[in-house]
Every structure is written in C-alpha cells, then in structure tokens.
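# A look at the structure
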Amino acid sequence: MLTTILKRAQEGLLLSVSFLRTCGIDSYAMPEIINLMATSVSEYVDYEEDDGVGIWKIEDLPAAIEAGDMENAEQHYVETASDPEMESVVVTIGGVEEMDSKVLDHVEDNWTDVAEQSDVDFTAYVADGIARLSISQKNEADNVLTKGFKEFEPALEWAKEKQNS
C-alpha cells in the first residue's frame with residue numbers, strides 16, 4: 001500500500017492527510033509522504049521537494065507575471081531555498097513558447113535577485129524550446145550555476161547530482 005501511495009504522490013496525484021490515515025499510514029511515515037506532495041504556492045506555482053532538491057513548477061510564467069502572482073512565489077523561493085541544506089533547485093516553466101521581453105526582463109531583474117538572496121548553488125530550468133536557454137542565461141546571480149533542460153527528469157537528476165556532490 002505504501003508503494004502505491006508514494007507512486008501516486010510522485011505522479012502529482014492529490015493525496016490528503018486524512019486519505020493517508022484511512023490507508024493505515026502511521027505518524028512515522030506521514031512526514032516522508034507529505035514531503036512528496038506538491039504544495040500550492042500561488043495560483044500559478046506549485047512547490048515540492050525531492051531528496052533535498054527544491055522544485056518549483058510554474059504553470060504559465062507570462063500569465064503569472066501579468067497577474068502579479070510571482071511576488072509570493074519568489075518570496076517562497078527565497079524563504080525555502082535559503083535553507084543551508086538546499087544547494088540545488090529545479091524550476092519548470094510553462095507558457096514560454098513565445099516569450100516577450102517583459103518575461104525576460106522579469107527573469108533578469110527578479111530571479112537574479114532571488115537567487116542571490118537564497119544562496120542556492122545550482123539551478124536547473126525546464127522549459128520548451130529556446131526559452132530554457134534564454135531563461136538560464138538571464139539569471140546573472142553570482143556563484144549560481146544555471147542549466148536549461150527540455151525535460152524534467154534529466155533536470156532533477158542533474159540537480160540531485162549537484163546536491164550530493
């Protein structure tokens with residue numbers, strides 16, 4: 001049963017604490033399972049953690065910027081990624097197939113500052129097309145190695161590798 005629950009959590013399926021209790025999950029296993037579940041940070045952004053790697057999933061970056069939704073998400077990033085144990089993060093970014101200068105300016109201005117405040121060493125950006133490269137190059141924070149990926153799994157593998165090095 002625990003394997004099934006963990007698999008569902010990793011796939012992003014909604015699991016509640018009460019559901020876990022009805023499945024017979026005891027209080028010792030509960031923190032590990034809860035750690036695998038995504039947390040909604042804002043309307044467009046979810047957060048989860050995998051083996052010490054912070055993972056932010058932005059559904060639609062241009063819409064999130066337009067709606068003013070990124071301020072809370074960026075504050076969450078600073079607070080969470082400032083943990084000295086967190087050295088690597090993954091940021092998946094949707095809605096950037098056709099990026100405009102407003103999005104790139106936001107990344108350059110805000111995400112550089114956010115990265116510097118958090119002291120994260122490694123950031124993997126996952127996005128479609130050339131956006132992943134544009135975004136990773138626009139983060140100009142000192143002492144942060146950024147890398148763009150087109151798929152989530154290789155990005156997470158890279159971040160875990162860097163986290164454990």
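Note that this is a predicted model, so its numbers are computed, not measured.

Right, let's talk about the overall build of the chain for a bit. When helices and strands are tallied, the chain shows 8 helices and 6 strands. Order of helices (α) and strands (β) in the chain, N terminus to C terminus: α-α-α-β-β-β-α-α-β-α-β-α-β-α. Buried residues in the chain amount to 44% of all 165 residues. Long-range pairs, those at least 24 residues apart, make up 64% of the contacts in the chain between residues at least 6 apart in sequence. Surface exposure of the chain reaches about 9100 Å², of which carbon and sulfur atoms provide 45%.

Leu61, Met70, Ile93 and Trp111 are the most contacted members of the largest nonpolar core, which totals 28 residues. Contributions of two or more residues to this core are made by strand S2 (45–50), strand S3 (53–58), helix H4 (61–66), helix H5 (70–81), strand S4 (88–93), helix H6 (101–118) and helix H7 (131–138). Of the residues forming this core, the biggest block, 5 residues, is contributed by H5. Leave out the neighbours within four places in its chain, and Trp111 touches Ile58, Leu61, Met70, Glu74, Val91, Ile93, His106, Tyr125, Ile135 and Asn139. Core analysis: the next-biggest nonpolar cluster, separate from the first, contains 11 residues, Val53, Val90, Phe122 and Ala124 among them.

With that settled, the discussion passes to the pairing of S2. Note that strand S1 (residues 39–40) and S2 share 2 bridges and pair antiparallel. Looking across to S2, one finds that Thr39 is bridged to Tyr47. The antiparallel hairpin formed by S1 and S2 contains 4 residues in its connecting segment. Pairing between S2 and S3: 6 bridges, direction antiparallel. Bridge pairing in S3 places Glu49 opposite Gly54. Adjacent in sequence and paired antiparallel, S2 and S3 are bridged by 2 residues, among which Asp51 carries a positive phi angle near 50°.

Glancing now at the confidence of the model for the chain. Scored by pLDDT, the chain comes out at a mean of 83, with 78% of its residues at no less than 70. Across the chain, element-level confidence peaks in S4 with a mean pLDDT of 96 and bottoms out in helix H3 (residues 30–36) with 54.

Procedures and definitions
Residues numbered from 1 in each chain as written. Predicted model: local features only at pLDDT ≥ 70, side-chain atom pairs only at ≥ 80, totals over all residues. Heavy atoms only, no water. Helix = DSSP H or I, 4+ residues; strand = E, 2+ residues; numbered from the N terminus. Buried < 20%, exposed > 50% of the residue type's maximum accessible area, 1.4 Å probe, protein only. Contact = heavy atoms within 4.5 Å. Areas by Shrake-Rupley, 256 points an atom, 1.4 Å probe, with all protein chains shown as cover. Core = buried A, V, L, I, M, F, W, Y, C linked by side-chain atoms within 4.5 Å. Pairing = 2+ DSSP bridges. pLDDT = per-residue confidence, 0-100.

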